[in-house]
Amino acid sequence: MNKQHIVIIGGGFAGVNLSRSLANSPYYHITLVDRNNYNFFPPLIYQVASSYLQISNVTLPFRTLFKKQHNLDFLMGELERVDPANKTVYLSSGKLQYDKLVIAAGTDTNFFGNENLKKYALCMKNLDDALYMKKCLLNNFELAASATNEDEIRERLTILIAGGGPSGVELSGIMAEYNNTLFAHDFRSLAQRGFRLDIHLVDGSTSLLKAMSEKAQTTALKALEKAGVQVHFKKRVQDYNGQEVFLDTGEVIRARQLVWTTGVTVKTIEGFNEEIYGGGNRLLVDAYNRLIGYEDIYAIGDICLQKSDENYPDGHPQLAQVAIQQGKNLAKNLVNITKGKTLHPFSYYDKGTMAIVGKSIAVADLPKPKWSFSGFFAWLLWLFIHLMFLVSYRNRIRTFFEWMASYFSKDKPFRYIIDESKKINQ
Ligand SMILES: Cc1cc2nc3c(=O)[nH]c(=O)nc-3n(C[C@H](O)[C@H](O)[C@H](O)COP(=O)(O)OP(=O)(O)OC[C@H]3O[C@@H](n4cnc5c(N)ncnc54)[C@H](O)[C@@H]3O)c2cc1C
């Protein structure tokens, strides 16, 4: 049988679930393209940034992940341009002809056009960001220990986190925990002089975790405040020069580390019409994830905007479950196309939302039955669910071990400052 060639751009939740669901399909041969040679698990990269987990806990090389999938080749490369008329994609590493093209490249950090934020702020979108953040945080703590000027020490120990969504909340919680458990032992000379990490969480609205229930929002706020995080509502970061954070209220907070978790956007792809971009620059798709106005091109996951689902007329939230379910649904439809069967429109099944807000405490909202709960049980459930969604058994076992070791030893073992800035010879 002559197999059709599917090119999938992006091996995140959406691309990997589509690829796996078409494993050993007699109808398709897949080329999976990603700019990295590994798959990673975004919900846990903040634990890499804060030295809780290692890179190997949350990543797996694509060539390992798909070593048993014989209808799939992996190619490392960055998407540069699409030529729909000639069914060709141009990559940083060459070009590919396709019968069907699926774009699952996710999103990028949105700095809303502010070049200073882009230059100086730390972000948390991918593993490179997490490793860089870890290096900056640890480096600042070490420099604070050797500094003599008290203002400089304070600045180096101040962390301002912009954005009260799950990423901002989880990072604030874990840094506060560090302050309350390790800092006094590890940086004795600073602690004895009364210095500690000063953690600020800034959000433009009046609550944290806006997508969650009021109960979850209140619990999260209480837990963070109790842990010592200073939460600022109705304030937005306007600018940053690497040392001073300028808020829209006129306040200036001196901090050597600003973490930017406030928004995402989609990079424009050369070769598509402007009309294909909707809110957040997301690619507009129909109920079957077909790119509107294009034949044989699909988009799934965070990168697409689908308004056909009656429960989500403004599009789906950018969550892992949406990406996973869209990947699986598209796989079914691609098989149905070859068999001449009816296609299934995508409909998102919400399995609930969770966030960890401190040591042994998480908040959780379940949709059916509608139930909002928090505390130790929610925290255990959070750990279990995140373990289960890691991509391999090896990562699950290792991560479980690291979590248990950190929990009982109260340590963050991976606090190495490693310079990875040397360029590879091309
Ligand atoms: C810090 C953080 C925490 C999160 N926590 C949660 C959570 O707790 N729960 C939850 O449900 N969701 C969470 N999310 C959101 C969730 O991770 C996303 O919704 C999900 O990853 C989307 O999957 P995706 O496959 O569309 O994109 P991604 O997972 O982003 O994958 C995109 C892939 O495309 C590749 N790529 C990008 N551009 C190119 C290019 N030009 N060429 C080639 N390859 C490219 C990337 O390397 C990546 O592998 C979190 C996100 C972040 C950043």
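On a predicted model such as this, the values are computed, not experimentally measured, just so you know.

What counts and what doesn't
- Residues numbered from 1 in each chain as written.
- Predicted model: local features only at pLDDT ≥ 70, side-chain atom pairs only at ≥ 80, totals over all residues.
- Heavy atoms only, no water.
- Near = heavy atom within 4 Å.
- Polar contact = N/O pair within 3.5 Å; in protein donor to acceptor, adjacent residues only side chain to side chain.
- Areas by Shrake-Rupley, 256 points an atom, 1.4 Å probe, with all protein chains shown as cover.
- Phe/Tyr/Trp six-rings, centres within 6.5 Å; stacked < 30°, edge-to-face > 60°.
- Helix = DSSP H or I, 4+ residues; strand = E, 2+ residues; numbered from the N terminus.
- Buried < 20%, exposed > 50% of the residue type's maximum accessible area, 1.4 Å probe, protein only.
- Lys NZ or Arg CZ within 6 Å of the ring centre and 35° of its normal.

A. Here's a closer look at the site of the ligand. The local shell around the ligand holds 27 residues, among which A14, D34, L79, D302 and A320 are the closest. Take L79: an N or O atom from its main chain is 2.9 Å from a nitrogen atom of the ligand. Contacts to the ligand include L319, whose backbone N or O atom sits 3.3 Å from an oxygen atom. Contact with the protein chains covers 88% of the free accessible surface of the ligand, which is 990 Å².

B. Focus on the packing of aromatic side chains. Inspection of every chain in the model, using the stated rule, returns 15 aromatic pairs. A centroid spacing of 5.8 Å and a plane angle of 20° characterise the contact between F141 and Y178, whose relative ring orientation is stacked. Placement of F141 in helix α6 (residues 127-146) and of Y178 in helix α8 (residues 166-181) is noted, with a sequence separation of 37 residues between them. Residue F141 shares its accessibility class with Y178, and that shared class is buried. Where F183 meets F187, the ring centres are 5.3 Å apart and the plane angle is 25°; that geometry is what we call stacked. On the basis of relative accessible area, F187 is assigned to the buried category, the value being 8%. Chaining the aromatic ring pairs together yields one cluster made of F141, Y178, F183 and F187. When the ring centre of Y407 is taken as reference, the NZ or CZ atom of K359 above it lies at 4.2 Å.

Such coordinate-based values are descriptive only and should not be taken to indicate function.
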